[in-house]
Amino acid sequence: MLHHRHLLRQVFKVFTNPTYSATKEYHMALPDRQVVVIGSGFAGLSAAYEAVKAGAPVRMLERGPKPGGNSIKASSGINGAGTLFQNQHRIYDTPDNFYQDSVKSAGKSLKENEQHRTELIRTLVDRSAAEVKWLTDEIGIDLSVVAPLGGHSVARTHRGAGKLPPGAAIVTTLLKKLELNPLFKLITSAEATALIVENGAVRGVEYRDENGVEKLLGPVVVAAGGFAGDSNGMLAKYRPDLAGVPSTNENRPGPHGLLSSVGAEMMDMSRVQIHPTGFVDPKDPLSAYKFLAAEMLRGEGGILLYDGQRFVNELETREVVSNAIMKQKPTSQSTKQWNVTLLLDPGACEAAGSHLGFYQFKGLMEKKKVGELDAQLITAVDRYAQVVASGKDDLGRTNFGRWRLKPGETNRNEEVCIGHVTVVTHFTMGGAAFNTEAQVLRRDDAGQLVPIPGLWAAGEITGGIHGDNRLGGSSLLECSVFGREAGRQAASSLL
Ligand SMILES: Cc1cc2nc3c(=O)[nH]c(=O)nc-3n(C[C@H](O)[C@H](O)[C@H](O)COP(=O)(O)OP(=O)(O)OC[C@H]3O[C@@H](n4cnc5c(N)ncnc54)[C@H](O)[C@@H]3O)c2cc1C
Ligand SMILES: *[C@@H]1O[C@H](CO)[C@@H](O)[C@H](O)[C@H]1NC(C)=O
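Structure report, in brief. (Residues numbered from 1 in each chain as written. Chains lettered and ligands numbered in written order. Predicted model: local features only at pLDDT ≥ 70, side-chain atom pairs only at ≥ 80, totals over all residues. Heavy atoms only, no water.)

**Notes on the pattern of salt bridges**
For step 1, the next point in the chain: Counted under the stated rule, the structure contains 33 salt bridges.
For step 2, the next point in the chain: When the shortest N-O distance is used, the salt bridge between Arg252 and Glu250 registers 3.7 Å.
For step 3, the next point in the chain: On the accessibility criterion, Arg252 (18% relative accessible area) is buried.
For step 4, the next point in the chain: Judged by its relative accessible area of 32%, Glu250 is partly exposed.
For step 5, the next point in the chain: Between Arg412 and Asp382 there is a salt bridge, with the nearest N and O atoms lying 2.9 Å from each other. Here the residue Arg412 occupies a position in the loop between helix H14 (375-390) and strand S16 (415-428), and Asp382 occupies one in helix H14, the gap between them amounting to 30 residues. Per residue, the accessibility class of Arg412 equals that of Asp382, and both read buried.
For step 6, the next point in the chain: One continuous salt-bridge network, built from bridges that share partners, spans Glu50, Arg127, Glu131, Arg484, Glu485 and Arg488. (Salt bridge = Lys/Arg side-chain N within 4 Å of Asp/Glu carboxyl O. Buried < 20%, exposed > 50% of the residue type's maximum accessible area, 1.4 Å probe, protein only. Helix = DSSP H or I, 4+ residues; strand = E, 2+ residues; numbered from the N terminus.)

**Focus: the site of ligand 1**
For step 1, the next point in the chain: Taken together, 39 residues are adjacent to ligand 1, and Glu62, Ser71, Ser76, Glu460 and Ser475 come closest.
For step 2, the next point in the chain: Ser71 places a side-chain nitrogen or oxygen 2.6 Å from an oxygen atom of ligand 1.
For step 3, the next point in the chain: Look at ligand 1: alone it shows 1000 Å² of surface, and the protein chains cover 97% of it.
For step 4, the next point in the chain: Those elements that place two or more of their residues in the shell around ligand 1 are helix H3 (42-53), strand S7 (191-198), S16 and helix H15 (474-494).
For step 5, the next point in the chain: With four residues, the single largest contributor to the shell around ligand 1 is H15. (Near = heavy atom within 4 Å. Polar contact = N/O pair within 3.5 Å; in protein donor to acceptor, adjacent residues only side chain to side chain. Areas by Shrake-Rupley, 256 points an atom, 1.4 Å probe, with all protein chains shown as cover.)

Given below as structure tokens:
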């Protein structure tokens with residue numbers, strides 16, 4: 001046994017030696033302590049990257065058969081204020097602007113624990129430009145396109161110019177880099193089931209894989225994501241009104257029990273972001289997982305119909321449109337969803353371009369001649385075409401996008417694009433309380449929030465930054481800022 005320990009320590013030294021190069025034997029021998037990262041989304045990958053950079057061996061546990069979590073699906077991009085790319089596009093922005101927008105979006109919740117929350121927001125915005133620089137200069141990802149998203153006073157959400165969406169680009173590139181490093185090892189189909197605690201400090205993780213229950217010792221970074229996809233579990237518990245509502249997130253149990261079982265404080269658990277348009281796939285209409293129908297489809301001129309009638313100004317905020325849909329009768333209870341028709345005229349179809357091609361390819365939207373539609377839908381199309389022609393809408397829409405279809409018999413041979421959508425859950429603002437050093441917090445006997453030794457967290461599993469509402473592009477940013485912070489802190493506690 002003694003000899004064995006000695007050997008492990010030797011291996012550990014080899015692992016942490018920067019001049020060491022990988023060989024198979026060393027790869028198979030595990031050090032007895034390492035940084036353990038739970039979850040292989042962007043937050044976990046950022047933590048692992050910094051930890052191995054600091055010289056610490058890292059074991060990453062991923063419950064799913066494939067890495068990437070929800071991060072790999074992110075499509076709009078990552079926020080940065082005062083970046084080189086904004087500068088190139090002559091967009092003037094500062095961390096202070098970004099701070100103001102974030103505080104506004106966080107809303108009333110900011111008043112609860114104000115100092116704690118504003119410190120987190122400060123850290124997020126102050127480091128944002130450096131994170132974009134890290135991803136482009138050090139990791140090699142293209143983020144040269146800057147777009148304006150709702151709630152931001154200027155364009156500050158960065159993505160690449162190519163076809164690969166930003167989430168996929170970030171996850172695959174980071175993984176490739178990590179897998180070249182002998183200090184890093186990813187174990188998939190391995191679910192963390194408990195944290196090991198000794199004298200009030202976290203000492204490691206118990207996990208289950210095909211070989212049964214195993215243990216890993218060392219400081220722990222929990223980056224296990226949100227719970228929007230857990231519609232009949234955690235979501236039903238904290239938001240009974242949303243129980244059974246499908247999600248743009250993978251359908252999987254919420255991971256927060258790992259943290260609450262060691263006393264972590266949870267914040268903002270009832271604050272859930274919903275989205276009005278997730279596609280109902282005709283091949284699997286009741287699936288709990290839905291593909292997001294981009295906002296742009298409505299922006300370019302698309303309309304929403306329930307029972308053949310418009311019922312809301314389609315360009316209202318996500319919340320207003322979602323609430324208008326949820327006032328209608330759901331079409332199913334097992335998966336609680338609505339059947340809303342999304343319809344684009346030829347002008348809007350053209351403007352939606354490559355997005356639309358992709359949705360057609362996936363069978364989520366189809367093209368049909370107006371004359372082939374149900375009588376009720378033809379009436380709805382004619383009625384709306386009349387609204388556009390007159391410029392007056394009872395529901396208050398003033399921007400009609402690229403809609404150009406005229407009312408009446410002359411439009412019957414024109415092709416519209418049509419699909420069905422429902423309200424979906426999209427993001428959970430709530431999660432474990434944590435501080436600017438990414439340490440997970442618990443309440444002590446005096447009611448103060450104090451760190452739990454040996455435990456860090458980052459990404460969607462944490463709470464307190466977004467308050468009432470997350471700004472688009474700020475979740476990838478929190479993965480980067482606090483994931484890297486957690487990785488650095490955990491590595492320094494190990495070494
Ligand atoms: C369709 C879509 C588009 C989005 N677009 C954007 C965008 O453009 N910009 C933006 O900022 N945000 C966007 N978001 C939100 C953002 O992608 C997520 O909030 C963020 O990626 C979460 O990252 P994460 O690393 O915290 O968690 P995830 O990426 O979800 O990773 C968590 C991982 O942990 C694993 N895990 C969970 N529990 C365990 C366990 N017990 N043991 C082992 N493994 C476990 C999971 O299987 C998962 O792989 C989008 C979200 C969706 C769904
Ligand atoms: C939604 O409604 C359309 C008709 O408008 C129908 O063809 C389709 O089957 C419905 N889908 C579901 C899942 O109910």
